[in-house]
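Commentary on secondary and tertiary structure
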Amino acid sequence: MIVDISVVTQMIFRAEMRRLICIVGLLVSLMVVSQCWTFPFGKTLYFLSANMGSTPMLIANAADGLSNLESAKIYAVEVVAGNDSSPSNLDNKFRYENGVDNEDYNDLESDGLGNLSKMSISEKGVKGFGMESDSSRYNGFNQVSMKNESYEKEAEPAIGSRTTSSEARNQVVSVFRDSIRDLDIKRESDIRETELRITTDSENMANSSLFMPKRWANNPTTLSQMNSLLLQSTLSFHSMRSRWSSVRDRELQSAKLEIENAPTIRNNPELSAYVFRNVSKFKRSYELMERLLKVYIYKEGEKPGFHQPYLRGIYASEGWFLKLMERSKKFVVRDAKKAHLFYLPFSSKMLRITFSEQKSGGKKDLEKYLTSYVSLISRKYRFWNRTGGADHFLVACHDWAPYITEKCMKNCIRALCNANVGKDFKIGKDSSLPVTYIRSGEAPLKDVGGKPASERSILAFFAGGMHGYLRPILLHYWQNKEPDMKVFGPMPRDIEGKTLYREYMKSSKYCICARGYEVHTPRVIEAIFYECVPVIISDNYFPPFFEVLNWEAFSVFVQEKDVHNLRNILLSIPNEKYKAMQLGVKMVQKHFFWHKTPVKYDLFHMTLHSVWNNRILQVKPI
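Residues numbered from 1 in each chain as written. Predicted model: local features only at pLDDT ≥ 70, side-chain atom pairs only at ≥ 80, totals over all residues. Heavy atoms only, no water.

Let us look at the state of the cysteines. Going through the model one piece at a time under the given rule, you end up with two disulfides. Across a sulfur-sulfur distance of 1.9 Å, Cys-397 and Cys-417 are joined as a disulfide pair. Its S-S torsion of approximately -90 degrees makes the covalent link between Cys-397 and Cys-417 left-handed. In this pair, Cys-397 is assigned in the loop between β9 (392-396) and α13 (401-405) and Cys-417 in the loop between β10 (413-416) and β11 (431-432), connecting sequence segments 20 residues apart. On the accessibility criterion, Cys-397 (0% relative accessible area) is buried. For Cys-417, a relative accessible area of 0% translates into the label buried. A sulfur-sulfur separation of 2.2 Å characterises the disulfide bridge that pairs Cys-511 with Cys-532. Between Cys-511 and Cys-532, the S-S dihedral sits near 110 degrees, and the bridge is therefore right-handed. One end of the pair, Cys-511, is in strand β14 (residues 508-514); the other, Cys-532, is in the loop between α16 (523-529) and β15 (533-537), with 21 residues separating them in the sequence. (Disulfide = S-S within 2.5 Å. Helix = DSSP H or I, 4+ residues; strand = E, 2+ residues; numbered from the N terminus. Buried < 20%, exposed > 50% of the residue type's maximum accessible area, 1.4 Å probe, protein only.)

Next up, the structure:
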């Protein structure tokens, strides 16, 4: 039999082509099934891969008729896969490399919000960072839930979807449900794994000296040492000698002499001597401030960084002062020659937001911007050059404020929330600004007050995010350890969670004010608001108005290294002393209140007096 070679070749070729076509068809089918399936509902399901070591991200923009899905939501579970994303290690790496600050991480930090067990952060919270919304991908341990956003868009029908049979559709739905079930199981497993890692990190930090902060090897500045430094500052002069004398200098010299020789006050219904270092000197200094002090506010500076207050959140103090200072008719003058002090009216928070929106929000950028601002006013006015800026002042609450003002405004009086004497805060020149968390610009004093001392059954309370190195250690030692120590992580951010947080504050004898990423925390003033004795655990923190207030009369200071002994320290305080401190909290309370229209001895006047006091310290007596 003669075989036609060409015919055989054609048969083999056709067979191979059919096989190749089948393989290609199978691959295309798999791609269609895994990437884009269209259901009879006219919606589309996508499976996306979330990079950065995460499990797949599911965008369910379909399945209107599927009971086991929530329509139009995104669930993204980020898994710590080879990356140490515990809160303690995110401290420097995340915050400073990506420009996220204390408030960015926890805008509602004082309520102990942002539940890590739920791992959720809203779209509104992301926008509050002053960052692009896609920055949410950096939140390595968050579950993102967004409703009805631009991600929910219609897609083109999948290839071949019109010829899908009923049986094929049922198969698709079955596979889809199996995928969702597997993803839900994986999501729950990932959450438990992340929680376990956080707990393990906390235990390791607490139990191993390798994880202890290096600063604990050095002795922090104690209260007694701060007192000594404050006394020394009255004998030294931080400011440059004025290039020429003025009438205002002589007025300050006379005021200083009057304060030093203030008459002794026996009884004063407005002020309690118990909470002051020297109530007589304070009263005389305050009276002279009201009578003499004049402030010139520079008109230079563009909004929103300048002349635009930010009135809510944990950085609200700088905004409230800016707003009330620019509205003041008593202290502000238009003629700069009549001024004792010169105010640099910028908001560190607004500058941070503005630069973030411009894609250049680093510390260096903000520092350069303020340096150019100082250069402008020094060229345009003669007052900066007369003292080198020593009679100028700023009020700034953002974490970065000490850094961005350290060089260009080094001689200025800086009222700072981040008052860390272990770094660049200068006792006697700089002043400590209270961190007051304002939830409502219209009602800054909402919910103030608490139970009397006899009805406070809880020994100590803390709740909050695991910011910095100290709080995980605090929870390791005291969470669920003693019934009278109510120490928690983040509480739910719903209405019930906020109400519970306030009730704990109002029902506890002591409120633990543990530092976060930086030395300051809004809990100090919150505790005073709710008439709870603050327990400040923050080495090197210089308390607000320390130059005039006797903080030991109404608060407790515990060194960070003694956090393991916290309960014994609190139990060792006699009940009578506790009652006296709780009464002191009530006495000092009014000095930490913001009012829409300032009142005597309130927070606006106390902040201004702190600046006035430090300027008085710098002038030589007659």
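Right, let's talk about the packing of aromatic side chains for a bit. Scanning the entire structure with this criterion turns up 30 aromatic pairs. When the ring of Phe-282 is compared with that of Tyr-286, the centres are 5.9 Å apart and the planes differ by 45 degrees; the resulting orientation is tilted. You can see Phe-282 and its partner Tyr-286 sitting in helix α8 (residues 279-292), four residues apart, about one turn around the helix. Under the relative-accessibility criterion, Tyr-286 is labelled buried at 0%. One Lys or Arg, Arg-277, reaches over the ring of Phe-546 and ends 4.3 Å from the middle of that ring. Between the NZ or CZ atom of Lys-349 and the centre of the ring of Tyr-310, over which it lies, the distance is 5.6 Å. (Phe/Tyr/Trp six-rings, centres within 6.5 Å; stacked < 30°, edge-to-face > 60°. Lys NZ or Arg CZ within 6 Å of the ring centre and 35° of its normal.)

As summarised here, the arrangement of the five strands in space is β7-β8-β9-β10-β11, forming an open sheet in which the pairing is parallel. Either end of the sheet is taken by a strand with one partner, and the two such strands are β7 (295-297) and β11. Relative to β11, β10 is paired through two bridges, and the arrangement is parallel. The residue bridging Leu-416 from the neighbouring strand is Ser-432, located in β11. Across the sheet, helix α19 (residues 603-618) lies against β8 (341-343), β9, β10 and β11, angled at about 150 degrees from β10, the strand it touches most. (Pairing = 2+ DSSP bridges. Contact = heavy atoms within 4.5 Å. Axes fitted to C-alpha atoms, helices over the stretch in contact; angles between N-to-C directions.)

The next subject is the packing of α8 against α19. Following both chains from N to C, one finds α8 and α19 inclined at 95 degrees, their axes separated by 10 Å at the closest point. By the angle class used here, α8 and α19 are roughly perpendicular. Residues Phe-282, Ser-285, Tyr-286, Leu-288 and Met-289 of α8 form the contact with α19, whose own contacting residues are His-605, Met-606, Leu-608, His-609 and Trp-612. Broken down by class, the residue content of the contact of α8 with α19 amounts to seven nonpolar, three polar and no charged. (Parallel < 35°, antiparallel > 145°, perpendicular 65-115°, else oblique. Nonpolar A, V, L, I, M, F, W, Y, C, P; charged D, E, K, R; others polar.)

In this section: the packing of helix α9 (residues 316-327) against α19. Relative to each other, α9 and α19 sit at 85 degrees, their axes nearing to 10 Å. Viewed along their axes, α9 and α19 adopt a mutual orientation that is roughly perpendicular. Across the interface between the two elements, Phe-321, Leu-324 and Met-325 of α9 pack against Phe-604, Thr-607 and Leu-608 of α19. Grouping the constituent residues of the contact of α9 with α19 by class yields five nonpolar, one polar and no charged.

The next subject is the sheet that holds β15. Pairing in this open sheet of five strands is parallel, and the strands run β13-β12-β14-β15-β16 from one edge to the other. Of all the strands in the sheet, just β13 (485-487) and β16 (556-557) have a single pairing partner and so form its edges. Inspection of the sheet shows strand β12 (residues 458-462) paired to β14 by three bridges, in the parallel sense. Residue Ile-458 lies in a different strand from β14, and its bridge partner there is Ser-508.

Turning our eyes to something else, we now look at the confidence of the model for the protein. On average, residues of the protein score 75 in pLDDT, and 64% of them are at 70 or above. Contacts of residues 36-166 to residues separated by more than four positions or lying in other chains number 279 contacts, the stretch itself having pLDDT below 50. This model gives residues 183-187 a pLDDT under 50, and the stretch forms five contacts once residues within four places in sequence are excluded. (pLDDT = per-residue confidence, 0-100.)

Let's shift gears to the nonpolar core. Grouped together as the largest cluster of nonpolar side chains are 138 residues, with contacts concentrated most on Phe-393, Tyr-510 and Leu-566. Once you skip the residues sitting within four places of it in the chain, Leu-566 turns out to touch Leu-474, Trp-478, Met-485, Ile-512, Val-535, Ile-537 and Val-558. (Core = buried A, V, L, I, M, F, W, Y, C linked by side-chain atoms within 4.5 Å.)

Considering the arrangement of structural elements, one finds Lys-429 in the loop between β10 and β11. From its side chain, Lys-429 meets the backbone oxygen of Lys-410 in a polar contact 3.1 Å long. (Polar contact = N/O pair within 3.5 Å; in protein donor to acceptor, adjacent residues only side chain to side chain.)

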